[in-house]
Amino acid sequence: MTTNSSPQLWLYDTTLRDGTQREGLSVSIEDKLRIAKRLDQLGVPFIEGGWPGANPKDVQFFWQLQENPLKQAEIVAFCSTRRPNSTAATEPMLQDILAAGTRWVTIFGKSWDLHVTTSLKTTLEENLAMIRDTIEYLRSQGRRIIYDAEHWFDGYKHNPDYALQTLEAAIAAGAEWLVLCDTNGGTLPHEISQIVQDVVKVTGDWGLGTRKESSQSSIPNPQSPIPQIGIHTHNDSEMAVANAIAAVMAGAKMVQGTINGYGERCGNANLCSLIPNLQLKLGYSCITEDQLTQLTEASRFVSEVVNLAPDEHAPFVGLSAFAHKGGIHVSAVERNPLTYEHIQPEQVGNHRRIVISEQSGLSNVLAKARSFGINLDELKAEAKQILQRLKDLESEGFQFEAAEASFALLMHEALGDRQKFFEVKGFQVHCDLVEGKETSNALATVKIAVDSKNILEAAEGNGPVAALDAALRKALVNFYPQIANFDLTDYKVRILNGHTGTAAKTRVLVESGNGRQRWTTVGVSTNILEASYQAVVEGLEYGLLLHSQAEAVVKASS
């Protein structure tokens, strides 16, 4: 828990620039604006928006934020030092930076002499001039500077004297932050710790003192002559979070990273892991406690906007971060969560989940039932019956830990209160595959009964499951209009015994949603269509159950 006396750490999010370099990740201007606003709500003080002038999207993004600025966060423009053998005042890309209208600019420069001579193809002295000239020019235009020392750790290990000269050039020119970058992601925590300590000691030996805080701004005082140290780590050695923490403990005051660790190659330091570790375990002040409870939602929001599936096993914010499966574990955590949880899930906006599987004990069933609003504590015989049914079905290939909606229906069935919204009397699916055509068509016919009324409907789809789903919805929508709002959001197939070839048993998981909630159902059969049918039908049934329960709550409160 943080207090007013907790040491302050400055968060710098680079999801909108470094994060978008992840392979397969692409965002629109609207996506970037939505993410920026969500990070602003989360309390991140610095948000790197991109490189103005590098592409039209980033230019538009900064223009949009000039019209509709964020509430508390500083939006930061990113750019390199000027080109060799030119001047900053005549550098076109720096004019784009100024046009972005941001108060803060992050400039990156070369720290490793190898990059100076090989990548920039210039002299070591000219590189120092590029750093000085660029920062001095932007400072003369009223900008405040964060200096990213690219490849800092590799450069320092190869030529420490020259690497330190680049920092001295940035300080002399007026940079307020020196951010040490492990750009290749290959440095280990003990090296990070030692090198950051070296930098802190050297800057102290330069006699530059300690920064004072401005009483007028939450951002460090621009008049102070000494920049503070920041850290920027990549995850190529699976060390990004550990390295960032090591740097903080060695004296760094700014941590750069991305939501969900998105980034090029193996990613960047994951702020969703860094923030709770730094704040809850090390006592640093990063964001408010209320904002910290928004972390899980923010993580999932960003993953949805960039159209990447959330990492269900991510620490702190993943769906399985506080999931308990073993019966002994569940029994213990029900008595005292400290037995198997390192923090309270609610501190980061997550929640405890009891997973149902063949490894479950009675404690799992009782706890899972309570999460669905079903109290089985006084119905131990029924609970044991449900547990046995669960184990029997999982031995046949069903998997309820990933299909909790199907398990809820199973519990209602055992208790004798499963609502019969409809009954499927039968279905047929016909597929046409015409040689020479790239696509095939499927036609499904279903016969269902609702309130003793038989309905026969047919529908087409681009495949047999799509056609079956469409036919079921078509038959039911007149009785249950809410079905029009149900979506089939995911469909997964797993072969359970591949050694039997095309006769193998198949497990199908179907994820459905209604715009507010999502739920997953399961079907198992040697016939993939039958397995799909089971999962699709239960998905519709559980959606109707949720709607019915919501209506009952509204009626009870009115």
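On a predicted model such as this, the values are computed, not experimentally measured, just so you know.

Definitions and limits used
- Residues numbered from 1 in each chain as written.
- Predicted model: local features only at pLDDT ≥ 70, side-chain atom pairs only at ≥ 80, totals over all residues.
- Heavy atoms only, no water.
- Axes fitted to C-alpha atoms, helices over the stretch in contact; angles between N-to-C directions.
- Helix = DSSP H or I, 4+ residues; strand = E, 2+ residues; numbered from the N terminus.
- Left-handed = near helix turned anticlockwise from the far one by under 90°.
- Contact = heavy atoms within 4.5 Å.
- Nonpolar A, V, L, I, M, F, W, Y, C, P; charged D, E, K, R; others polar.
- Patch = residues over 30% accessible without salt bridge, like charges linked within 9 Å, V, L, I, M, F, W, Y side chains within 5 Å.
- Areas by Shrake-Rupley, 256 points an atom, 1.4 Å probe, with all protein chains shown as cover.
- Salt bridge = Lys/Arg side-chain N within 4 Å of Asp/Glu carboxyl O.
- Buried < 20%, exposed > 50% of the residue type's maximum accessible area, 1.4 Å probe, protein only.
- Pairing = 2+ DSSP bridges.
- Polar contact = N/O pair within 3.5 Å; in protein donor to acceptor, adjacent residues only side chain to side chain.
- Disulfide = S-S within 2.5 Å.
- Expected span 1.5 Å × (residues − 1).
- Arc of directions from axis to C-beta.

A. Expanded view of the packing of helix α9 (residues 240–249) against helix α10 (residues 271–281). With their axes 10 Å apart at the nearest point, α9 and α10 run at an angle of 35 degrees to one another. The interaxial crossing formed by α9 with α10 has right-handed handedness. Contact residues: α9 offers Val241, Ala244, Ile245 and Val248, while α10 offers Ser273, Leu274, Asn277 and Leu278. Along the lines of polarity and charge, the residues of the contact of α9 with α10 split into 6 nonpolar, 2 polar and no charged.

B. Looking closely at a nonpolar patch on the surface. A surface patch of nonpolar side chains, about 380 Å² in accessible area, is lined by Leu488, Tyr491, Val493, Ile495 and Ile528. If you tally residues by element for the nonpolar patch, the top one is strand β14 (residues 487–495), at 4 residues. Within the secondary structure, Ile528 sits in helix α18 (residues 528–557). We classify Ile528 as partly exposed; its relative accessible area is 39%.

C. Examining the sheet that holds strand β7 (residues 228–233) more closely. Taken together, 8 strands build a closed barrel; the order of strands is β1-β2-β3-β4-β5-β6-β7-β8 and the barrel is parallel. For this sheet the average axis-to-axis angle between neighbouring strands, irrespective of direction, equals 25 degrees. For β7 and strand β8 (residues 254–257), the ladder comprises 3 bridges, and the chain directions are parallel. Its bridge partner being in β8, Gly230 is matched across the sheet by Met254. Across the sheet, helix α1 (residues 29–42) lies against β1 (10–13) and β2 (46–50), angled at about 170 degrees from β2, the strand it touches most. The strands that helix α3 (residues 92–99) touches are β3 (74–80) and β4 (104–110); relative to β3, the one it contacts most, it runs at about 180 degrees.

D. Quick peek at the environment of Gln95. Secondary-structure assignment places Gln95 in helix α3. Residues Gln95 and Met239, spaced 144 residues apart in sequence, show a C-alpha to C-alpha distance of 37 Å. Sequence-distant contacts of Gln95, that is, excluding residues within four places in its chain, are made with Ala89 and Tyr137. A distance of 2.9 Å separates a polar atom in the side chain of Gln95 from a polar atom in the side chain of Tyr137.

E. Fine view of the state of the cysteines. Scanning the model with the defined rule gives 0 disulfides in all. Unpaired in this structure, Cys79 has its nearest cysteine sulfur neighbour in Cys181, at a distance of 15 Å. The cysteine Cys286 is free of any disulfide, with Cys272 supplying the nearest cysteine sulfur at 13 Å.

F. Main features of helix α2 (residues 56–67). The first and last C-alpha atoms of α2 sit 17 Å apart over 12 residues, in line with the 16 Å expected at 1.5 Å per residue. Buried residues of α2: Asp58, Phe61, Phe62 and Leu65, and no others. Buried residues of α2 fall within an arc of 90 degrees about the axis and therefore sit on the same side. Structural note: α2 exposes Pro56 and Glu67 on the side pointing more than 90 degrees away from its buried face. The elements touched by buried residues of α2 are α1, β2 and β3.

G. Fine view of helix α8 (residues 189–205). If you check α8, its first and last C-alpha atoms are 24 Å apart, about what 17 residues at 1.5 Å a residue would give, namely 24 Å. When α8 is considered as a whole, its buried residues turn out to be Ile192, Ile195, Val196, Val199, Val202 and Thr203. Buried residues along α8 cover an arc of 125 degrees about the axis, so they all sit on one side. Of the residues in α8, the exposed ones pointing more than 90 degrees away from the buried face are His190, Lys201 and Asp205.

Distances and angles like these do not, on their own, reveal function.
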